[in-house]
Amino acid sequence: MSKYVIIGGSAGGIGAVEAIREVDPAGTLTVVSEEKVPQYSRPMISEYVSREATLDTMKYRGDQFWKDNKVQTLTGRTATKIDFTKKQVELDGGTKVDYEKLLIATGGKPFVPRMEGGDKSGVFTFTELSSAEKIEATLEQSKSAVVIGGGLIGVSASEALVKRGITVTLVELKDSILSLILDKTASDMAEKVLTEAGVTVITGQTVQRILGRKDDEAAVGGVVMTDGTEIPCDLVVVAIGVIPRTDLVKDTELKINRGIVVDRSMRTSIPDVYACGDVAEAHDFLIDGNRLLPLWPLAHLGGRVAGYNMAGKKAEYEGGTVMSSLKYFELPVIAVGDVNPEDASDYEVLVELNPEKTVYRKILLKDNRIVGFIFLGEIEKAGILFRLLKNHVDVSTIKDTLLSEEFGIVTLPERLRQEMFVVN
Ligand SMILES: Cc1cc2nc3c(=O)[nH]c(=O)nc-3n(C[C@H](O)[C@H](O)[C@H](O)COP(=O)(O)OP(=O)(O)OC[C@H]3O[C@@H](n4cnc5c(N)ncnc54)[C@H](O)[C@@H]3O)c2cc1C
């Protein structure tokens, strides 16, 4: 029997271990992780492939972390079944671990559509260290790559490969890249930066099938696009999206929508079972409801809240919202909240656009409250906007100054400053 069992030892699992140990220094604690070294920063996979980081420099917590926190680690092991009645987790090989409190922090898994040729060697995903290591190992012998998917992961994969001297074609089915987090103007500017860095971007199309090499049919030799064009390449990275890894609890009574549904204590629908991170559907403060928000800091925070509650200290998850902070080829971008409303007629939109300097700043307001913003090229003061957005502060009196140079924390009226720092 382990008092606490955590499945998954990444951002969410680590957050929970830390919180549990703050409250209960002695209770038995077991972490089950399929990955042998789970405590690395997943967002740094791109830097690992580009050789800007090593496994050591991308560690989110040091190797002593588990020992220092008196964690029994079952690494390289997969949880295969949970019996919620017996309060027992079954692992590969049949080992059973009893729990009093359980956290499911199994994260996400890459969505890989069925595609002719998808089983050839040289086809990779880009979400795990093991895939990054495999890509790394092939790069010395590779000249060109096709990356399928122009979202955050596809763009970061493209950047890493270009930095390693690989000729990259990025393929996106939609009309523009990064369309989930940017509007068309910002997306076009980001695409220009990618193109100038040497990436060929193809939008409005996808890969229909993957071809073999002339001398080795089992290895990637190219792709055929939907319009029939053939693009020769040595490797293909599938980066279409990530979906919650709910397989383990799929046919159980646990409430799942797109992810495992949790309340603001990170409790699931089953007593003593918690969930957090990419596998969970947790609170979004902007929509005041639950949704999937696959972001590292939120997984860690959700893990902390789950950990406190598991150990008996009441804690509430303040929630997050859609937010991305990135830097591709030195272009900084921050996008938060509702930036692409289908019907913009209810919104007030403030814009500053300077294509020569690659600067674009857009703020969306609804009922005098900031509901979303994109800062591209110049991201100063985004933190202030985020606090105003998060706390639904009425900005009617300062609306005209939001994009001005003088806008800043010191020029904010006292009342707004107080409201933006209230912890909800
Ligand atoms: C390339 C890339 C770039 C990213 N960039 C950013 C970024 O810039 N900013 C940002 O905020 N977020 C970013 N993210 C998202 C961020 O990494 C995730 O939100 C975060 O890792 C989620 O943490 P988690 O603990 O929920 O799950 P994960 O980090 O997915 O970890 C889950 C762990 O559980 C293990 N596991 C799963 N099932 C089982 C099982 N049955 N038995 C045992 N172990 C199991 C997995 O092997 C894994 O180790 C990026 C993700 C990727 C892939």
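For the structure, see preceding data.
Conventions we followed
Numbering of residues begins from 1 in every chain and follows the order in which that chain's sequence is written. Only residues with pLDDT of at least 70 are given local features in this predicted model, and only at 80 or more are side-chain atom pairs given and counted; all residues enter the totals for whole chains, interfaces and linings. By convention in this description, side-chain values take in all heavy atoms of the structure and omit both hydrogens and water. Whether a residue is near a molecule or strand is decided by its heavy atoms; if any one of them lies within 4 Å of it, the residue is near. Here a polar contact is recorded for every N or O atom pair within 3.5 Å, except that within protein the pair must consist of a potential hydrogen donor and a potential acceptor, and residues adjacent in sequence are included only if both atoms are side-chain atoms. Areas reported here follow the Shrake-Rupley algorithm with a probe of radius 1.4 Å; residue values treat only the protein chains shown as occluding. Strands are runs of DSSP state E lasting at least two residues, helices are runs of H or I lasting at least four, and both sets are numbered from the N terminus onward. Note that Gly is not counted as nonpolar here; it falls among the polar residues with everything else outside the nonpolar set of Ala, Val, Leu, Ile, Met, Phe, Trp, Tyr, Cys and Pro and the charged set of Asp, Glu, Lys and Arg. Ring pairs shown here join Phe, Tyr and Trp side chains whose ring centres sit within 6.5 Å, with only the six-membered ring taken for Trp; geometry is labelled stacked below 30 degrees between planes, edge-to-face above 60, and tilted in between. For every residue, the accessible area (1.4 Å probe, protein chains only) is compared with the maximum for its type, and the residue is labelled buried under 20%, exposed over 50%, or partly exposed between those bounds. To sit over a ring, a charge needs its Lys NZ or Arg CZ within 6 Å of the ring centre and within 35 degrees of the ring normal. Multiplying one less than the number of residues by 1.5 Å gives the expected span of a helix. Residues are treated as being in contact if the distance between any of their heavy atoms lies within 4.5 Å. Between N-to-C directions, angles cover 0 to 180 degrees, with each direction set by a line fitted to C-alpha atoms, over the stretch in contact for helices. By the definition used in this description, the sense in which the near helix is turned from the far one sets the handedness, with an anticlockwise turn below a right angle giving left-handed and a clockwise turn giving right-handed. Here, any two strands with at least 2 DSSP bridges between them count as paired. Patch construction takes residues with relative accessible area above 30% that form no salt bridge. Like charges are linked within 9 Å, and nonpolar side chains (Val, Leu, Ile, Met, Phe, Trp, Tyr) are linked within 5 Å. By salt bridge we mean one thing: a side-chain nitrogen of Lys or Arg within 4 Å of a carboxyl oxygen of Asp or Glu. Charge convention: Lys and Arg are scored as positive, Asp and Glu as negative, and His as well as the terminal groups of each chain are ignored. By convention, the point assigned to a charge is CZ for Arg, NZ for Lys, CD for Glu and CG for Asp. We define a nonpolar core as any set of buried Ala, Val, Leu, Ile, Met, Phe, Trp, Tyr and Cys residues linked to one another through side-chain atoms lying within 4.5 Å.

Asks: Before we go on, may I ask you to explain the site of the ligand in this structure?
Replies: The full set close to the ligand counts 29 residues, and Ser 10, Glu 35, Arg 42, Ala 79 and Asp 278 are the nearest of them. One of the side-chain N or O atoms of Glu 35 is found 2.6 Å from an oxygen atom in the ligand. Measuring from an oxygen atom of the ligand, one finds a side-chain N or O atom of Arg 42 at 2.8 Å. For the ligand, whose free accessible area comes to 1,000 Å², the fraction covered by protein is 89%. Counting residues per element, the ones that place at least two in the shell around the ligand are helix H1 (11-23), strand S2 (29-33) and helix H7 (296-310). It is H7 that contributes the most residues to the shell around the ligand, three residues altogether. Each residue belonging to the shell around the ligand can be placed in one class, and the counts come to 13 nonpolar, 10 polar and six charged.

Asks: Just to check I follow, could you spell out the packing of aromatic side chains for this structure?
Replies: Each aromatic ring pair is specified by the distance between its two centres and by the angle formed by the two planes. Applying the stated criterion across every chain, the model contains four aromatic pairs. Between Phe 285 and Phe 386, the ring centres sit 6.1 Å apart and the planes meet at 75°, which makes this aromatic pair edge-to-face. Taken together, the positions of Phe 285 in the loop between strand S19 (280-284) and strand S20 (289-291) and Phe 386 in helix H8 (residues 382-390) put the pair 101 residues apart, joining distant regions of the chain. Classification of Phe 285 as buried rests on a relative accessible area of 7%. The exposure class of Phe 386 is buried, given its relative accessible area of 19%. Where Phe 373 meets Phe 375, the ring centres are 5.3 Å apart and the plane angle is 65°; that geometry is what we call edge-to-face. This pair shows no difference in class: Phe 373 is buried, exactly as Phe 375 is. For the cation-ring pair, Arg 61 lies above Tyr 60, with the distance from its terminal atom to the ring centre recorded as 4.3 Å.

Asks: What should I look at first to understand helix H6 (residues 184-196) in this one?
Replies: Given 3.6 residues per turn, any residue in an α-helix points the same way as the ones three and four places further on. For H6, spanning 13 residues, the distance from its first C-alpha to its last is 18 Å, which sits close to the expected 18 Å at 1.5 Å a residue. All of the buried residues in H6 are Ala 186, Ser 187, Met 189, Ala 190, Glu 191, Val 193 and Leu 194. Remark: Gly 198 follows H6 within two positions and exhibits a positive phi of approximately 110°.

Asks: Help me out: how do you make sense of the side chain of Thr 169 in this one?
Replies: When you line up the elements, Thr 169 lands in strand S10 (residues 167-172). Every residue in contact with Thr 169, bar those within four places of it in the chain, is listed here: Ala 145, Val 146, Val 147, Thr 200, Ile 202 and Ile 231.

Asks: Looking at this structure, how should I read the side chain of Asp 24?
Replies: Looking at where Asp 24 falls in the secondary structure, it is placed in the loop between H1 and S2. Judged by relative accessible area, Asp 24 falls into the buried class, the value being 12%. In terms of polar contacts, Asp 24 uses its side chain to reach the side chain of Lys 3, at 3.3 Å. Filtering out sequence-adjacent residues up to four positions away, Asp 24 remains in contact with Lys 3, Tyr 4 and Ala 311.

Asks: Teacher, can you tell me more about the packing of H1 against H7 here?
Replies: Pairs of packed helices are described in terms of their axes, by the angle between the two and the distance that separates them. At a minimum axis distance of 6 Å, the contact between H1 and H7 shows a crossing angle of 35°. Relative to H7, the crossing made by H1 is right-handed. Counting all contacts with H1, which are made through Ala 11, Gly 12, Ile 14, Gly 15, Ala 16, Glu 18, Ala 19, Ile 20, Glu 22 and Val 23, the residues of H7 involved are Trp 296, Ala 299, His 300, Gly 303, Arg 304, Gly 307, Tyr 308 and Met 310.

Asks: Would you mind going over unusual backbone geometry with me for this structure?
Replies: Excluding glycine, most residues fall at negative phi; most peptide bonds, likewise, are trans. Look at Lys 87: it is not a glycine, yet its phi comes out positive at around 55°. The topology assignment puts Lys 87 in the loop between strand S4 (79-83) and strand S5 (88-91). Although it is not a glycine, Phe 329 adopts a positive phi angle of roughly 45°. Considering the arrangement of structural elements, one finds Phe 329 in the loop between strand S21 (323-328) and strand S22 (331-337). By relative accessible area, Phe 329 is classed as buried at 18%.

Asks: Please explain the sheet that holds S19 as it appears in this structure.
Replies: Paired through backbone hydrogen bonds, the strands of a sheet run either parallel or antiparallel to each other. The sheet built from three strands is open, its strands ordered S17-S19-S20 with mixed pairing. On the outer flanks of this sheet lie strand S17 (260-261) and S20, each paired with one strand and no other. Two elements, S19 and S20, share three bridges in a ladder whose sense is antiparallel. Within S20, the position partnered with Asp 284 by the bridge is Gly 289.

Asks: I'm lost on a negative patch on the surface in this one. Help?
Replies: Where like charges cluster on the molecular surface, the negative patch consists of Glu 342, Asp 343, Asp 346 and Asp 367. Among the structural elements, Asp 367 can be located in the loop between strand S24 (359-366) and strand S25 (369-376).

Asks: Which parts of the structure should I look at to understand the nonpolar core?
Replies: Inside soluble globular proteins, nonpolar side chains tend to come together where they are buried. Ile 82, Phe 84, Leu 102, Leu 103 and Ile 104 are the most contacted members of the largest nonpolar core, which totals 51 residues. Judged by nonpolar contacts, the second largest core, of 48 residues, contains Leu 129, Ile 135, Val 155 and Val 168.

Asks: Honestly, the pattern of salt bridges in this entry has me stumped. Any pointers?
Replies: Between side chains of opposite charge, a pair can form as their charged atoms come close. Using the criterion set out here, one finds 30 salt bridges in the structure. A salt bridge links Glu 35 to Arg 42; the nearest nitrogen and oxygen atoms lie 2.9 Å apart. Judged by relative accessible area, which is 27%, Arg 42 ranks as partly exposed. Of the charged contacts in the structure, one is a salt bridge between Asp 272 and Lys 101, with a shortest N-O distance of 2.9 Å. Of the two residues, Asp 272 is situated in the loop between S17 and strand S18 (273-275) and Lys 101 in strand S6 (residues 96-104); the sequence distance between them amounts to 171 residues. A relative accessible area of 25% places Asp 272 in the partly exposed class. Each of the salt bridges in this network shares a partner with another, and the network as a whole consists of Glu 18, Glu 22, Arg 61 and Arg 304.

Purely geometric numbers; function is a separate question.
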